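Spelled out from the first residue to the last, the chains are:
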Amino acid sequence: MSTLSLTVLHTKYNLIETARVPIAIISALAFPTLALLFFVVPQQVVAGNALYATQAVISLAVFAVMSNALFSFGLTISENREKPWDPYLRTLPAPGIARVLAQIFATGTLGLAAIIPVIVVGGLFTAAEASPPRVLAGFIALAVSSLPFMLIGICIGYSMPSKAAIAVVQIVMFGMAFAGGLFLPPMLFADWLNTLSKFMPSRQARELVIWAVQGGQLEWWVWVGILVWTVVGFAGALLLFRRDEGRRYH
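Residues numbered from 1 in each chain as written. Predicted model: local features only at pLDDT ≥ 70, side-chain atom pairs only at ≥ 80, totals over all residues. Heavy atoms only, no water.

### A short note on the overall build of the protein
Quick reminder of the rule: Counting from the N terminus, the helices are DSSP H or I runs at least four residues long and the strands are E runs at least two residues long. We call a residue buried when its accessible area falls under 20% of the maximum for its residue type, exposed when it is over 50%, and partly exposed in between, using a 1.4 Å probe and counting protein chains only. Residue-level accessible areas treat just the shown protein chains as cover; the underlying method is Shrake-Rupley with a 1.4 Å probe. None of His or the chain ends enter the tally, which takes Lys and Arg as positive and Asp and Glu as negative. Taken as the charge location is NZ of Lys, CZ of Arg, CG of Asp or CD of Glu.
Along the backbone of the protein there are twelve helices and zero strands. Going residue by residue from the N terminus, the α and β elements of the protein occur as α-α-α-α-α-α-α-α-α-α-α-α. When its C-alpha atoms are laid out on the principal axes, the protein stretches across 60 × 35 × 30 Å. The buried share of the protein, taken over its 250 residues, is 42%. Surface summary for the protein: the accessible area is close to 13300 Å², and the carbon and sulfur share equals 72%. Of the charged side chains in the protein, 15 are positive and 10 negative, and the gap between their average positions amounts to 6 Å.

### A short note on the packing of helix H8 (residues 147–159) against helix H9 (residues 162–179)
Put simply, the rule is: A fitted line through C-alpha atoms represents every axis, and for helices the fit uses only the stretch in contact; the resulting angles, taken between N-to-C directions, go from 0 to 180 degrees. Just so you know how the angles are binned, under 35 degrees is roughly parallel, over 145 roughly antiparallel, 65 to 115 roughly perpendicular, and the rest oblique. Definitions for this section: a left-handed crossing has its near helix turned counterclockwise from the far helix by less than a right angle. A right-handed crossing has that turn clockwise. We call two residues contacting when some pair of their heavy atoms lies within 4.5 Å. When residue character is reported, Ala, Val, Leu, Ile, Met, Phe, Trp, Tyr, Cys and Pro are called nonpolar, Asp, Glu, Lys and Arg charged, and the others, Gly included, polar.
Where H8 contacts H9, the two axes come as close as 10 Å, and the packing angle between them is 155 degrees. On the basis of their axis angle, the class for H8 and H9 is roughly antiparallel. The handedness of the crossing between H8 and H9 is right-handed. Mapping the contact onto sequence places Phe149, Ile152 and Ile156 in H8 and Ala165, Val168, Val169, Val172 and Met176 in H9. Residues belonging to the contact of H8 with H9 are distributed by class as follows: eight nonpolar, no polar and no charged.

### Comments concerning the packing of helix H7 (residues 132–145) against helix H11 (residues 201–214)
When two helices pack together, their arrangement is given by the angle between their axes and by how far apart the axes lie. As a packed pair, H7 and H11 sit with axes 7 Å apart at the nearest point and diverge in direction by 160 degrees. Considering the angle they form, H7 stands roughly antiparallel to H11. When the axes of H7 and H11 are compared, the crossing they make is right-handed. Together, Arg134, Ala137, Gly138, Ala141, Leu142, Val144 and Ser145 of H7 and Ala205, Leu208, Val209, Trp211, Ala212, Val213 and Gln214 of H11 make up the contact between the two elements. In terms of residue class, the contact of H7 with H11 is built from ten nonpolar, three polar and one charged.

### Let's talk about H9
To keep it simple, the criterion reads: To estimate how far a helix should reach, multiply one less than its number of residues by 1.5 Å.
Spanning 18 residues, H9 covers 25 Å between terminal C-alpha atoms, matching the ideal 26 Å at 1.5 Å per step. Contact partners of the buried residues in H9: helix H4 (50–81), H8, helix H10 (191–197) and H11. Note on H9: the residue one or two positions beyond its end, Gly181, has a positive phi of about 80 degrees.

### Some points on the nonpolar core
In plain terms, the rule: We define the nonpolar core as a collection of buried residues of types Ala, Val, Leu, Ile, Met, Phe, Trp, Tyr and Cys that are connected through side-chain atoms lying within 4.5 Å of one another.
Judged by nonpolar contacts, the single largest core of 40 residues is most densely connected at Val62, Met66, Leu70, Leu142, Ile154 and Val209. Once residues lying within four places of it in the same chain are set aside, the contact partners of Leu142 are Ala61, Val62, Val65, Ile115 and Val209. Core analysis: the second largest hydrophobic core is formed by eleven residues, Ala35, Leu36, Ala56 and Leu60 among them.

And the structure:
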């Protein structure tokens, strides 16, 4: 089989494995949408303003992608490392890139599924608005800005056991969500918190998607931050993967 065929096959079974635990899918779909319904829709100052409502929808879409990436990579990898099936898969002649791409595609599929309810609720119950080309640009920006979250999840998965990974993923997720302006707009931050927030990949992702959907000027620290987080995350993930491989296979 070709690498592409193996990737599709692995993606299929990754999704089937996730679907066997329905609460995992339900929570990924429900939480960002419920946050929009409870904290944005009732506030007419935000929900009735097209600019604020669109940014609120974008923020929760970024949160949906971030939480899905952290949980999917962090918990899945840490749990797989503790099962005998994972070492067996790594001994098969199939290329490792097929499994990596399959995990990315499966995570991306769940992330897309989590974004759609947020967009639907935002379109129906708030004044959020964007043209179809801008929405498409927003999806591309979300895909690009999700890379640091995936790599952070990989680092967590390869650095600790599953019981610890659960706690660390939640701390990292909510910490970056609050500090990155996903739950509270950065315009309400104190100066010191706003400065700190600009170093967070969640804030950088938020600003990139807002720029893609609403236009305007893209600050240099947004794309530089995403690039730095991606490079550092990739280096960390590669280092931890090799350390894990050395511990378990040599």
